[in-house]
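# A structural walkthrough
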Amino acid sequence: MSPTPQPESDVDQGSVPADGLPTSPDDPRIEVRRSRRRTRTVSARVEDGAVVVLMPAGLPRAEERRLVADMLSRLRRSARRSGARASDEDLMRRAASLSDRWMDGRARPGSIRWVPAMTTRWASCSPASGEIRVSEALREVPAYVLDYVVVHELAHLVVPGGHTPDFWEVVRRYPRTERAMGFLEAHSRTLAPGSGGAADGGEAVGDLVQDDGP
């Protein structure tokens, strides 16, 4: 009997965040490449938004599904670890991508960087200098929540002058705004202990969540 193929320890999820990766072996974004030269190892990587799983040829269908599911799990763990290690340069690339996608490229920060966790705010923006600061407390949140906070700060560069209706119109172009607001409200105690009003233009939970009132 042939030895059971073993997943390689190394997986490459590229720049795709954990919540953007497939979760099911049947996801159409997964491509299985079978090789008769590969007899004992399985590996996975992301190519152009698709997950490519490399494995030996001739395996039973059930075994292929099991191995694909295992590699998807490994990719997600790798993506979460990479997100926690993201640098200021990664944050700038993320901001540029979000600006291009949701603001027609109009928001171009002078800088965007991680700063030590603060007790009263998660992020801040100085429109005059174009500087954006993001709290280290947000490193562990889901990618869509971090994206929302970055979009929110970028919107201050497009519509300066506070949280006006025009400002919120720009923010809400990001389609996961409501879900991210719900996450921030639910986790405000653990992410920003004592959050209330924020000084120096910073964003506390009340600033990142739009009031439904008049």
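Residues numbered from 1 in each chain as written. Predicted model: local features only at pLDDT ≥ 70, side-chain atom pairs only at ≥ 80, totals over all residues. Heavy atoms only, no water.

### Overview of the packing of helix α3 (residues 143–158) against helix α5 (residues 177–186)
Selection criterion: Here an axis means a line fitted to C-alpha atoms, over the contact stretch when the element is a helix, while the angle between two N-to-C directions is reported on a 0 to 180 degree scale. Under the scheme used here, helices are H or I runs from DSSP no shorter than 4 residues and strands are E runs no shorter than 2 residues, and both carry numbers assigned from the N terminus. Roughly parallel means an angle under 35 degrees; roughly antiparallel, over 145; roughly perpendicular, 65 to 115; everything else is oblique. What makes two residues a contact is simply this: any of their non-hydrogen atoms within 4.5 Å.
Axis separation between α3 and α5 bottoms out at 9 Å; the angle between their running directions is 100°. Judged on the interaxial angle alone, α5 and α3 are roughly perpendicular. In this structure, α3 contributes Y144, V145, Y148 and V149 to the contact, and α5 contributes T177, R179, A180, M181, F183 and L184.

### Things to note about unusual backbone geometry
Our working rule: Categorising residues by exposure relies on relative accessible area from a 1.4 Å probe, with only protein chains included: less than 20% of the type maximum marks a residue as buried, more than 50% marks it as exposed, and the intermediate range marks it as partly exposed.
A positive phi is found at D104, a non-glycine position, where the angle reads about 55°. Tracing the backbone through its elements, the reader meets D104 in the loop between α2 (88–102) and β5 (111–115). Residue classification places D104 among the exposed positions, given a relative accessible area of 65%.

### A word on the environment of V141
Here V141 is to be found in the loop between β7 (131–135) and α3. What makes V141 buried here is its relative accessible area of 11%. Once the C-alpha coordinates of V141 and F183 are considered, the two residues, 42 residues apart in sequence, prove to be 9.0 Å apart.

### Quick word on the pattern of salt bridges
Applicable threshold: Any Lys or Arg side-chain nitrogen found within 4 Å of a carboxyl oxygen on Asp or Glu counts as a salt bridge.
Overall, the coordinates contain 14 salt bridges when judged by the stated rule. Between D147 and R94 there is a salt bridge, with its nearest N and O atoms 2.5 Å apart. Of the two residues, D147 sits in helix α3 while R94 sits in helix α2, which places them 53 residues apart along the sequence. Note on D147: relative accessible area 15%, which makes it buried. By relative accessible area, which is 24% here, R94 ends up partly exposed.

### Concerning the packing of aromatic side chains
Note the following rule: A pair of Phe, Tyr and Trp rings is counted when the ring centres sit within 6.5 Å of each other, with Trp represented by its six-membered ring. The angle between the planes then sorts it: under 30 degrees is stacked, over 60 is edge-to-face, the rest tilted.
On inspection of all chains with the given rule, the structure shows two aromatic pairs. On the numbers, 6.2 Å between centres and 80° between planes, the contact of W102 with Y174 is edge-to-face. Taken together, the positions of W102 in helix α2 and Y174 in the loop between α4 (165–171) and α5 put the pair 72 residues apart, joining distant regions of the chain. Given a relative accessible area of 5%, Y174 falls into the buried group. On the basis of an interplanar angle of 80° and a centroid distance of 5.4 Å, the ring pair of F167 and W168 is categorised as edge-to-face.

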